[in-house]
Amino acid sequence: MPPIAPRIAQMNASGSDGWELFLRAREMVAAGRPVIELTIGEHDVPTDPAILDAMDAAARGGHTGYAMVPGHDALRTAIARRLAAQSGVPTGPENVLVTPGGQSALFAAHLLACAPGDAALYLDPHYATYPGTIRAASARAVRVPTDPARGFLPDPEAVARAARDHAARSLLINTPNNPTGRVYPEAVLEGLAEVARARDLWMISDEVYDTQVWQGAHLSPRALPGMEERTLVVGSMSKSFAMTGSRIGWIAGPARAISHLIDLATVTTYGVAGFIQKAALAALEAGPAFERGIAAPFARRREIAREILEDAPGLRLLPPEGAMYLMLDVRPTGLSGEGFASALLEEEEIAVMPGESFGEAARGHIRVAMTVPDAQFRAALTRLARFAEARAAAVA
Ligand code: PLP
């Protein structure tokens, strides 16, 4: 076989993509074991029947051919309206490209921002795909760790140092955050925006959890002074409308950047299926109350988690402010995140993600997805808390 290019061969530098525990849990389920899966960010309800009806009607109505590469005008306009209403930044269809999910938007954004070998900054802990996405775009993935003692909020001074030392071209942020469940406060975003302005960086802002905010408010860095021209917002229907499998999202930014990204889409994805776009439009037209309904189970489960875990011995719950995850510090048990997750899976048949799957900074932590029905979630957390208490007592 001829050589595989380094950007692909070395995409997952550690030789792992961090999903081993998830795969082990799936094997156990396939073998008939009653594992409670609190691993991936997938809703426990399927896509709403009203959205499926729109998809079906569109497909049967003929929307099965090539769709316009930038996306249907009506959908681009609806997304632009949603962004403008949320951020206050005037936004038109020319500022929006429809993409097959947020993931492909993340890849496109880095291809736009970075020439081969340029440094692209990302914060640790991070969504599992980030470093691989940057490397696949032929950029240099530069990790900026955040501190568990500061609740994993980024330190703008550390970001400024990394930007200077590596002559970085972009900064990737994610709020509400996966895996930490934090929502960045305005002061932190102002600090990061200041670095982006001072060092002329692209800010790539992953906002796929923008409707899942339990405390504080979602603020897009695009709304901050001098940021509209340098921010690429990554959005998605996956989390806000329970449409993960439909693969539809967007990238929003300056019209000139979007025009280049349309050229890129022409040579990569060639757009998104028309019947999926029609379904997305129907979903957006259902309005904010519909989105709130999809987010509601996670808001409820966050309260269940606080009730069970906030004063639990043997672990520490990070403030759950947004997104569909909880981050727990399990260092009092003497176990690593991997050790804890592995033992919990074997002994309690509960699958969670080790913090280490999301970067070195989350060592000694676990991420719990709030993605099973309330009663099952309550039972799982009660068992998890008992397990942590027993482990911590054993090392005390
Ligand atoms: N960004 C973050 C932070 C995510 O957690 C996910 C999915 O879990 C994505 C992007 C990708 O989402 P999509 O389904 O839109 O590709």
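Only a predicted model underlies this, so the values are computations on that prediction, with no experimental measurement involved.

### Notes on the sheet that holds strand E8 (residues 249–252)
Thinking step 1. Ordered by their spatial adjacency, 7 strands build an open sheet running E2-E8-E7-E6-E5-E3-E4, and the pairing between neighbours is mixed. With one partner strand each, in any of the chains shown, strand E2 (96–99) and strand E4 (140–145) form the two edges of the open sheet. Taking the axes of each pair of neighbouring strands and ignoring which way they run, one obtains an average angle of 20 degrees across the sheet.
Thinking step 2. Direction of pairing for E2 relative to E8: antiparallel, over a ladder of 4 bridges. Within E8, the residue paired with Leu97 across the bridge is Ile251.
Thinking step 3. Of the strands in this sheet, E2, strand E7 (231–236) and E8 touch helix H4 (residues 73–87), which is tilted by about 115 degrees from E2.

### Quick word on helix H13 (residues 374–395)
Thinking step 1. Here H13 spans 32 Å end to end across 22 residues, near enough to the 32 Å set by a 1.5 Å rise per residue.
Thinking step 2. Turning to H13, the residues buried within the fold contact strand E1 (36–37), helix H11 (288–309), strand E10 (325–329), helix H12 (337–348), strand E11 (350–351) and strand E13 (365–369).

### Topic: the pattern of salt bridges
Thinking step 1. Considering all chains together, one arrives at 23 salt bridges under this definition.
Thinking step 2. Here Glu349 makes a salt bridge to Arg33, at a shortest N to O gap of 2.9 Å. In this pair, Glu349 is assigned in the loop between H12 and E11 and Arg33 in the loop between helix H2 (20–30) and E1, connecting sequence segments 316 residues apart.
Thinking step 3. When the shortest N-O distance is used, the salt bridge between Asp124 and Arg143 registers 2.4 Å. With Asp124 in strand E3 (residues 119–124) and Arg143 in strand E4, this pair connects stretches of sequence that are 19 residues apart.

### Describing the site of the ligand
Thinking step 1. Not every one of the 14 residues close to the ligand is listed here, only the nearest: Gly102, Asp206, Tyr209, Ser236 and Ser238.
Thinking step 2. Within the side chain of Ser238, one N or O atom sits 2.7 Å away from an oxygen atom of the ligand.
Thinking step 3. Residues of the shell around the ligand, tallied by class, amount to 4 nonpolar, 7 polar and 3 charged.

### Notes on the packing of H12 against H13
Thinking step 1. One way to put it is that H12 packs onto H13 with a least axis distance of 11 Å and a crossing angle of 115 degrees. In the crossing of H12 with H13, the sense of the turn from one axis to the other is right-handed. Across the interface between the two elements, Phe340, Ala343, Leu344, Glu347 and Glu348 of H12 pack against Arg383, Leu384, Phe387, Ala388 and Arg391 of H13.

### With respect to a nonpolar patch on the surface
Thinking step 1. On the surface, Met1, Ile4 and Ile8 cluster together into a nonpolar patch covering about 390 Å² of accessible area.
Thinking step 2. Within the secondary structure, Ile8 is located in helix H1 (residues 6–9).
Thinking step 3. Assessed through its relative accessible area of 47%, Ile8 is described here as partly exposed.

### With respect to the nonpolar core
Thinking step 1. Counting 67 residues, the largest nonpolar core has Leu309, Val368 and Phe377 as the members making the most contacts within it.
Thinking step 2. Of all the elements, H13 adds the most residues to this core, at 7 residues.
Thinking step 3. Within the second largest apolar cluster, 26 residues are counted, among which are Met237, Trp250, Val272 and Leu284.

### Things to note about unusual backbone geometry
Thinking step 1. Pro125 follows Asp124 through a cis peptide bond whose omega is 5 degrees.
Thinking step 2. With an omega of 20 degrees, the peptide bond between Asn178 and Pro179 qualifies as cis.
Thinking step 3. One can find Pro179 in the loop between strand E5 (170–174) and helix H8 (186–198).
Thinking step 4. Positive phi values are uncommon outside glycine, yet Ala242 reaches one of about 50 degrees.

### Here's the deal with the pairing of E13
Thinking step 1. Taking burial as the measure, the 5 residues of E13 include 5 buried ones, the bulk of the element.
Thinking step 2. Burial along E13 is two-sided: the face carrying His365, Arg367 and Ala369 and the face carrying Ile366 and Val368 are both buried.
Thinking step 3. Two elements, E10 and E13, share 5 bridges in a ladder whose sense is antiparallel. Within E13, the position partnered with Leu328 by the bridge is Ile366.
Thinking step 4. Pairing geometry for strand E12 (residues 353–354) and E13, over 2 bridges, is antiparallel.

### Observations regarding the environment of Leu326
Thinking step 1. As for its placement among the helices and strands, Leu326 is situated in strand E10.
Thinking step 2. Considering only alpha carbons, one finds Leu326 and Arg306, 20 residues apart in sequence, at a separation of 9.8 Å.
Thinking step 3. Not counting residues up to four positions away in its chain, the partners in contact with Leu326 are Ala305, Leu309, Leu317, Pro320, Ile366, Arg367, Val368, Met370, Phe377 and Leu381.

Reading the values: the criteria
Residues numbered from 1 in each chain as written. Predicted model: local features only at pLDDT ≥ 70, side-chain atom pairs only at ≥ 80, totals over all residues. Heavy atoms only, no water. Pairing = 2+ DSSP bridges. Helix = DSSP H or I, 4+ residues; strand = E, 2+ residues; numbered from the N terminus. Axes fitted to C-alpha atoms, helices over the stretch in contact; angles between N-to-C directions. Contact = heavy atoms within 4.5 Å. Expected span 1.5 Å × (residues − 1). Salt bridge = Lys/Arg side-chain N within 4 Å of Asp/Glu carboxyl O. Near = heavy atom within 4 Å. Polar contact = N/O pair within 3.5 Å; in protein donor to acceptor, adjacent residues only side chain to side chain. Nonpolar A, V, L, I, M, F, W, Y, C, P; charged D, E, K, R; others polar. Left-handed = near helix turned anticlockwise from the far one by under 90°. Patch = residues over 30% accessible without salt bridge, like charges linked within 9 Å, V, L, I, M, F, W, Y side chains within 5 Å. Areas by Shrake-Rupley, 256 points an atom, 1.4 Å probe, with all protein chains shown as cover. Buried < 20%, exposed > 50% of the residue type's maximum accessible area, 1.4 Å probe, protein only. Core = buried A, V, L, I, M, F, W, Y, C linked by side-chain atoms within 4.5 Å.

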